[in-house]
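Descriptive analysis of the structure
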Amino acid sequence: MGARVNYVKYALWWQWNSADITQQITTSPSSFRGQDPLLLLKTLQLLWTKKEMKKLKEEIRRGFAGLEDPLAGLLDMLESSSDWKGKGHSLGYYITTELQLWIKEHPAVQQSGIKLKKLQARVLRILAQCPANLLGPLISIYQLHTADRNYLLGHVSHLYHKGDYKEAALLSIKLKLQPDQDVEKMCTPLLLQDKTNLVEDYVGEYPELQSKLLQILDMWCEPGFNIRDITRQYQGLSRYKPDKFNRKMLSKLVFRLLDRFNVDPALCPNVINQRHLRTLNYLFYKRFVEKTMTQENWTDHVQSTVGENRWLQGHLIQLLISYCDLKTAARWAQCCNLPKEMLPYGVADELQKLQIQERVEEATKADNYEESKKKDYYQLPIPRANIHFLQTWEETLQCWEKVLRPGQVVGIDMEWRPSFGMVGKPRVSLLQIALNDEVFLLDLPRLLEHAETEGGKEKLPHFIQMLYSDAAITKLGYGMSGDLSSLAATWPALKDTDKQAQGVVDLLTVDKQLQKSSIDWKKGGRKVDVLSPEQNNEDRGFRQPEKGLSLLVQHVLGKPLDKTEQLSNWEKRPLREEQILYAASDAYCLLEIYEKLCKDPASFGLSSDLTASLVGKSSIKPRAKKQLNKQEVLSPSGQIARQEGRVILTSGLPYQTLQSQVAEGRCFSVNCSEKAKEQALQVLKHFNVQVSLADIFSRCQVCNCDKYLKISRERMRQLVEGSRQAPGDGGAGCLARSKEKPSQSCDAAMPACNAAQPGYTLHSEWPEGLDQCGASIALAGGTVLQVAAIPPGVLDKPVVTDFYCCTRCGKVFWEGSHFGRVVSQFQDVLVTAGDEHL
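Residues numbered from 1 in each chain as written. Predicted model: local features only at pLDDT ≥ 70, side-chain atom pairs only at ≥ 80, totals over all residues. Heavy atoms only, no water.

- Going by the annotation in an unreviewed UniProt entry, the name recorded for the chain is Exonuclease 3'-5' domain containing 3, with Aquila chrysaetos chrysaetos given as the source organism.

1. A few points about the overall build of the chain
- Helix and strand content of the chain: 35 helices and 15 strands.
- In the chain, which comprises 838 residues, the proportion classed as buried is 47%.
- Counted over contacts in the chain with a minimum sequence separation of 6, partners at least 24 positions apart contribute 69%. (Helix = DSSP H or I, 4+ residues; strand = E, 2+ residues; numbered from the N terminus. Buried < 20%, exposed > 50% of the residue type's maximum accessible area, 1.4 Å probe, protein only. Contact = heavy atoms within 4.5 Å.)

2. Details of unusual backbone geometry
- Residues R573 and P574 are joined by a peptide bond in cis, for which omega reads 0°.
- Mapped onto the elements, P574 comes out in the loop between α27 (548-557) and α28 (577-599).
- We note that K176 has phi near 55°; this positive angle belongs to a residue other than glycine.
- Looking at where K176 falls in the secondary structure, it is placed in the loop between α10 (165-175) and α11 (183-192).
- Here D194, not a glycine, exhibits a phi torsion of approximately 60°, which is positive.
- Residue placement: D194 occurs in the loop between α11 and α12 (196-203).
- Residue D194 is classed as partly exposed on the basis of its relative accessible area of 26%.

3. Description of the sheet that holds strand β3 (residues 428-434)
- Across the sheet, six strands lie side by side as β1-β4-β3-β2-β5-β6; this open sheet has mixed pairing. This sheet does not close on itself; its edge strands, each paired only once, are β1 (387-390) and β6 (504-506). When strand polarity is set aside, the average angle formed by the axes of neighbouring strands in this sheet is 20°.
- Summarising the sheet, strand β2 (residues 409-416) and strand β5 (residues 474-477) pair through three bridges and their orientation is parallel. When the sheet's bridge partners are listed, V410 is paired in β5 with K475.
- Each of β2, β3, β4 (439-443), β5 and β6 is contacted by helix α23 (residues 459-469), which is oriented at about 130° to β2, the strand it contacts most. (Pairing = 2+ DSSP bridges. Axes fitted to C-alpha atoms, helices over the stretch in contact; angles between N-to-C directions.)

4. Description of the confidence of the model for the chain
- Across the chain, the average pLDDT comes to 77, with 77% of residues at 70 or higher.
- With pLDDT under 50 throughout, residues 1-33 is counted as low confidence; its partners more than four residues away or in other chains account for 27 contacts.
- The model gives residues 518-542 a pLDDT under 50, and that stretch makes 43 contacts with residues more than four places away or in other chains. (pLDDT = per-residue confidence, 0-100.)

5. Section: the pattern of salt bridges
- Enumeration over the complete set of coordinates arrives at 29 salt bridges.
- Among the salt bridges present, the one from E105 reaches R61, with a minimum N-O distance of 2.9 Å. With E105 in helix α6 (residues 91-105) and R61 in helix α4 (residues 53-66), this residue pair connects regions lying 44 residues apart in the sequence.
- Residue K115 is joined to D69 by a salt bridge in which the shortest nitrogen-to-oxygen separation is 3.6 Å. (Salt bridge = Lys/Arg side-chain N within 4 Å of Asp/Glu carboxyl O.)

6. Focus on the pairing of strand β14 (residues 802-806)
- Most of β14 sits out of view: four of its five residues are buried.
- As judged from the five bridges shared by strand β11 (residues 708-712) and β14, these two strands associate in the antiparallel manner. Residue pairing across strands places K710 opposite Y804, the latter belonging to β14.
- Both β14 and strand β15 (residues 812-813) contribute to a ladder of two bridges, which runs antiparallel. Looking across to β15, one finds that Y804 is bridged to F813.
- Between β14 and β15, which pair antiparallel and follow one another directly, the connecting turn spans five residues, one of which, G810, has a positive phi of 85°.

7. Some points on the pairing of β3
- In terms of burial, β3 is largely enclosed, as seven of its seven residues are buried.
- The loop that links β3 with its antiparallel partner β4 comprises four residues.

8. Digging into the packing of helix α13 (residues 207-220) against helix α15 (residues 247-261)
- Two numbers describe how α13 lies on α15: the axes approach to 10 Å, and their chain directions differ by 155°. The angle between the axes of α13 and α15 places the two elements in the roughly antiparallel class. At the point where α13 passes α15, the crossing takes the left-handed sense. Between α13 and α15, the contacting residues are Q210, L213, L214, L217 and W220 on the first element and R247, L250, L253, V254, L257, L258 and F261 on the second. (Parallel < 35°, antiparallel > 145°, perpendicular 65-115°, else oblique. Left-handed = near helix turned anticlockwise from the far one by under 90°.)

9. Describing the environment of Q701
- For Q701, the location among the structural elements is in the loop between α32 (676-686) and β11.
- According to the relative accessible area criterion, Q701 is partly exposed, its value standing at 47%.
- The sequence separation of Q701 and F813 amounts to 112 residues, and the corresponding C-alpha distance is 9.7 Å.

10. Focus on the packing of aromatic side chains
- Counting across every chain of the model gives 14 aromatic pairs.
- Aromatic pair F284 and W298: ring centres 5.3 Å apart, planes at 85°, arrangement edge-to-face. Taken as a pair, F284 in helix α16 (residues 269-288) and W298 in helix α17 (residues 295-306) lie far apart in primary sequence, 14 residues in all.
- Members of the aromatic cluster, connected to one another through ring pairs, are F284, F288, W298, Y323 and W332.
- A cation over an aromatic ring shows up here: K51 above the ring of W48, its NZ or CZ 4.8 Å from the ring centre.
- We note R287 situated over the ring of F288; from NZ or CZ to the ring centre the distance is 5.8 Å. (Phe/Tyr/Trp six-rings, centres within 6.5 Å; stacked < 30°, edge-to-face > 60°. Lys NZ or Arg CZ within 6 Å of the ring centre and 35° of its normal.)

11. Looking at helix α21 (residues 393-403)
- Turning to α21, its buried residues are W393, T396, C399, W400 and V403. Looking down the long axis of α21, one finds its buried residues gathered within 105° of arc, a one-sided arrangement. The exposed residues of α21 that point more than 90 degrees off its buried face are E394 and E401. (Arc of directions from axis to C-beta.)

12. A short note on the sheet that holds β11
- Across the sheet, which stays open at both edges, the three strands sit in the order β11-β14-β15 with antiparallel pairing between neighbours. Because the sheet does not close on itself, it has two edges, and the strands there are β11 and β15.

13. Focus on a nonpolar patch on the surface
- A grouping of Y285, V289 and Y323 is seen on the molecular surface, where their side chains present a nonpolar patch of about 270 Å² in accessible area.
- With respect to the helices and strands, the residue V289 is situated in the loop between α16 and α17. (Patch = residues over 30% accessible without salt bridge, like charges linked within 9 Å, V, L, I, M, F, W, Y side chains within 5 Å. Areas by Shrake-Rupley, 256 points an atom, 1.4 Å probe, with all protein chains shown as cover.)

14. A short note on the environment of L258
- Among the secondary structure elements, L258 is positioned in helix α15.
- Its relative accessible area of 3% is what places L258 among the buried residues.
- With 47 residues separating them along the chain, L258 and S211 place their C-alpha atoms 9.2 Å apart.
- Not counting chain neighbours up to four residues away, the residues in contact with L258 comprise L214, V263, D264, P265 and C268.

15. A look at the environment of P560
- As for its position among the elements, P560 is in the loop between α27 and α28.
- Counting along the chain gives 184 residues from P560 to D376, while the straight-line C-alpha distance between them is 7.8 Å.

16. Examining the state of the cysteines
- Applying the stated criterion across every chain, the model contains zero disulfides.
- Free of any disulfide, C268 has its nearest cysteine sulfur in C221, 8.6 Å distant.
- The buried category is assigned to C268, whose relative accessible area is 0%. (Disulfide = S-S within 2.5 Å.)

In structure tokens form, the structure reads like this:
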């Protein structure tokens, strides 16, 4: 009782003499010698409230140095306080991490034996309640990796049976207990709660567990398996999301895990079969509903999808009966060599009598189709003998001698086998290069094979890089960024080709400008129309509207491309004659489009110099750039970056365009596949930015201003009350307030700095230079402070002592939980930047 009275007296004395005691603590290192850890905690809480971070760090180190048992002292502090249980940055987290660093400097304080086991038992009770960011430091401080493994497993099992599934999984990951646990038991409730990221982390370092998890998920996707048998066991589960626990979600998860962990898809036959079945349905839709696939392409893909799988073959026959007839189903049944007991009624009777009849019909349709193509579609204007299919290095030499000539204009296209949503990036099977009078088709799979066996692995990538990096050679493409990405996936040596490319003309960009043009599509006195259904042959029926390159060819050259070979199996050899002609036409038409646009760009709504329409200006020679600077049309981002000397952050395709509009090094491409934190760290590292605590939220989130007015809570309360009492819409006085929605101000945060930073204007009393008119308070320049935007209840929070008002737009900030979360996210950056940033 006496100790409690002394503590109350001490606390009151601190409240009225905080400046004096701070000085006393600073000058008396032994003041905590042998004192109660809870008294130290109260002192630290006061410093934390005042945001005196430098003093806080010093007192933490002095305090622990004065405690008889620092490790037990930390547990006393955590057990007597609850602020560390929430998410984000807390005093408990700050104390714990500082103790972790202090122990490294003073290893003698570490415990062992019975005393350590008692401390480990205490800290395990705390771990069940603490946030994820505290797990690592506490496990390290109390050496839980050295604790008895069975004891740790028993503690995790206790958490699991209490229903704390997330906590049990997190602790298992930190202590690396997964190999001794049942992966299905641990992961099932997490999946029901839609915590798939935690499931991935749980098996992330253990290939055997990855395989087990995938086999379990695949079993749940087996036809006939009742998923409710799983969900029924967890009916009372908190945050249970049954709508997200279904075969579709499980299938997506399986494919993501297969891709992430690089596991053989054969491990998941049920999911793979379901994906193949969806592919089959898609192929039937393309062939028999849209009618945009030829019989040959469709047959190739169906055979490749079904393979020798009897289950898929049975579904194929059912689809054929639905979309076609018994005759067609019988023909496929014979090709698949299906036993009679698998065939539906009527199919077996058709097996023999329809084969010859169908061959005749298909031959007749093919003849009609070829005649229609010559009349209705773009035709290659060069002889067939001028199309060269190259499969060896010696054959490619003649190609490079003709292509790598200064002043040359070449059309480039690529083909690959459609993936239909399967795992992995497409690999280029054919590279087409068109010149004025001939076309070269490079068989990349065969050339890759020859390069591996004959030691010429670097020759072909070298020539491709020479072609793309030579500014004297104009390269024409359509959607070239996607082509280069697939080429890099096929041949890793070409991964930087897109960054080195010069002299590139992407007609996709020109096509977009043509589509925006308001002129009619009239070329040479005739209007280009989509063909009517009567102009198509019987096999194709009604033709879908043209799009992409086919539509551009129709607009410029008068007839569309025949794209029926686009979805071919480009990996299958030998290529059919139709595939060869299609591939050659796809590349050669780019030359004819470019030539016609250059001759008469005005009639197509383009500038007189076609190069002004190019992405990245990469096809313009360096000496010509200065002449075009005056005509150059900048994007809004480029204009701001030039005017204000700022750096552009972007991702994806816009990088090439924006990079050309600013000085070197003033545009940076961020990897959008990474999480926001990793993206931010990538930017900080690239530009060598040193971040301090004062930098966080040091600028207004609305207008980017770095000057604030600091107003106490009591003064702000007066302003808010005056706003509510004034007449009109929300108490607006003589000046109009910002139209920004009040809800946008709810969780904004600003750091409470110890001293005024450069660019800040902080006031503890009523600021000078303010005019109050009715309910509004305005700065000398007319900026109205948005006091009405402060939500009810914020002024009653004891932790909110001051408000920070932007001097440019009037937005009001206060320190909320968001500030702590951001500091916690970037704690590593702040620590490594040096003590002066704390």
